[in-house]
Amino acid sequence: MNRVILCEGKTDAILLSYYLGRICGWKHTSPPQGLAIKARNKNENVDWYKKGGEMLMICAVGGKDNFHSFFSRDLRKAMIHLGAFSRIAIIADRDDRSIEDIEQRISNEFSPFFDNVKNREWCTNCYADAFGIEQNIDALLLVIPAEQQGALETVMLSAIAEDPYDRNIVEKCVSFVSDMRSHADRYITSDRLQLKANLSTVWAIQSPEKVFDFINEQINAVSWEDYKTLRDCFGILEEI
């Protein structure tokens, strides 16, 4: 059966594919017949992975406000007419929102398919297919990070900082970017971009010879599966 992960951006999708590939053995593959769902713009990304007889699609929807539109456009029809997916995980950055607010928003936007949505918990939901037959689908909401405001970059920085040597680099880079923001307000125009600048600066220090590499090469160069922070964050996704 097919499973799907919806996340906000391409960085999320790359890290998730790397992590699940290393930990669970998912391998990149071609779309199954009849489910050639494609990215429609530069902010979206769609890739398929295979493990045994199971298929997994990881989709970057292009931002926190695009979950509903991506689902309605590309997944709703496949579910109703084909019963295409048995499990779906939605990975959302916490930013400055409460977990309760995110749970309510996802529940509202995905109703009537996912009325029962809880952070870090697989919940069984029911919907009627094109023939009026009741179908079950398991849904997971994973808000990142769980314990504080922030986004995926917050979790990645925390993982890197598990090593005392790298923790010093992380702290100094975060402090530098914070001080620089007022001098670079043309470029760092939001807290979200400041988070991205924090991670990019750390990478520039750790791997100066790779600073011009694409983001997927930067991510693939780190053994994220060895970090407890990432295992604690993404462990529940291993059940996808």
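What comes next concerns the included structure. Please read all numbers here as calculations on a predicted model, not as lab measurements.

### Here's the deal with the overall build of the chain
- From N to C terminus, the chain includes eight helices and seven strands.
- In terms of C-alpha radius of gyration, the chain reaches 18 Å, essentially the compact-globule figure of 18 Å for 240 residues.
- Summarising the internal contacts of the chain: among those between residues at least 6 apart in sequence, 65% fall at separations of at least 24.
- Carbon and sulfur atoms form 48% of the exposed surface of the chain, whose accessible area is close to 12000 Å².
- Computing the positive centroid from 28 side-chain charges and the negative centroid from 36, the chain places the two 5 Å apart.

### Some thoughts on helix α6 (residues 191-206)
- For α6, spanning 16 residues, the distance from its first C-alpha to its last is 23 Å, which sits close to the expected 22 Å at 1.5 Å a residue.
- Within α6, burial applies to Q194, L195, A197, N198, L199, V202 and W203.
- For α6, the secondary structure elements touched by its buried residues are α4 (152-160), α5 (164-180) and α7 (215-220).

### Comments concerning the pairing of strand β1 (residues 2-7)
- Taken across its six residues, β1 has six buried, putting it largely inside the fold.
- Side chains N2, V4 and L6 of β1 all project onto a buried face; the interleaved residues R3, I5 and C7 project onto the opposite face, where all are buried too.
- Note that β1 and strand β4 (residues 54-60) share six bridges and pair parallel. Bridged to C7 within β4 is A60.

### Looking at the pairing of strand β6 (residues 123-128)
- The alternating pattern of β6 places C123, N125 and Y127 on a buried face and T124, C126 and A128 on a face that is not buried.
- Between the end of β6 and the start of strand β7 (residues 134-144), which pair antiparallel, lie five residues, with G132 showing a positive phi angle near 80°.

### Remarks on helix α1 (residues 10-24)
- Over its 15 residues, α1 extends 20 Å from the first C-alpha to the last, a length consistent with the 21 Å expected when each residue adds 1.5 Å.
- Restricting attention to buried positions, one finds in α1 the residues T11, D12, A13, I14, L15, L16, S17, Y18, Y19, L20, G21 and C24.
- Just downstream of α1 lies G25, where phi reads positive at about 90°.

### Notes on the nonpolar core
- Core analysis: the largest hydrophobic core is formed by 44 residues, its most contacted members being I5, W224, F234 and L237.
- Per element, the largest residue contribution to this core is eight residues, and it comes from α1.
- The residues contacting F234, other than those within four sequence positions of it, are L15, L16, Y19, L142, I144 and L152.
- Core analysis: the next-biggest nonpolar cluster, separate from the first, contains 34 residues, I37, I88, I90 and L141 among them.

### Observations concerning the side chain of D74
- Residue placement: D74 occurs in helix α2 (residues 67-82).
- A distance of 3.0 Å separates polar atoms of two side chains, one belonging to D74 and the other to R40.
- A polar contact is formed between the side chain of D74 and the side chain of R73, at a distance of 2.5 Å.
- Not counting residues within four places of it along the chain, the set of residues in contact with D74 comprises I37, K38 and R40.

### Let's talk about the packing of α2 against helix α3 (residues 99-110)
- Where α2 contacts α3, the two axes come as close as 10 Å, and the packing angle between them is 25°. The angle between the axes of α2 and α3 places the two elements in the roughly parallel class. As for the relative orientation of α2 and α3, their crossing is right-handed in sense. Contact residues: F67, H68 and F71 in α2; I106, E109 and F110 in α3.
- For the contact of α2 with α3, the residue count by class is four nonpolar, one polar and one charged.

Rules of the game
Residues numbered from 1 in each chain as written. Predicted model: local features only at pLDDT ≥ 70, side-chain atom pairs only at ≥ 80, totals over all residues. Heavy atoms only, no water. Helix = DSSP H or I, 4+ residues; strand = E, 2+ residues; numbered from the N terminus. Rg over C-alpha atoms; globule rule 2.2 N^0.38 Å. Contact = heavy atoms within 4.5 Å. Areas by Shrake-Rupley, 256 points an atom, 1.4 Å probe, with all protein chains shown as cover. Lys, Arg positive; Asp, Glu negative; His and termini not counted. Charge placed at Lys NZ, Arg CZ, Asp CG, Glu CD. Expected span 1.5 Å × (residues − 1). Buried < 20%, exposed > 50% of the residue type's maximum accessible area, 1.4 Å probe, protein only. Pairing = 2+ DSSP bridges. Core = buried A, V, L, I, M, F, W, Y, C linked by side-chain atoms within 4.5 Å. Polar contact = N/O pair within 3.5 Å; in protein donor to acceptor, adjacent residues only side chain to side chain. Axes fitted to C-alpha atoms, helices over the stretch in contact; angles between N-to-C directions. Parallel < 35°, antiparallel > 145°, perpendicular 65-115°, else oblique. Left-handed = near helix turned anticlockwise from the far one by under 90°. Nonpolar A, V, L, I, M, F, W, Y, C, P; charged D, E, K, R; others polar.

None of the figures reported here should be taken as evidence of function without further support.
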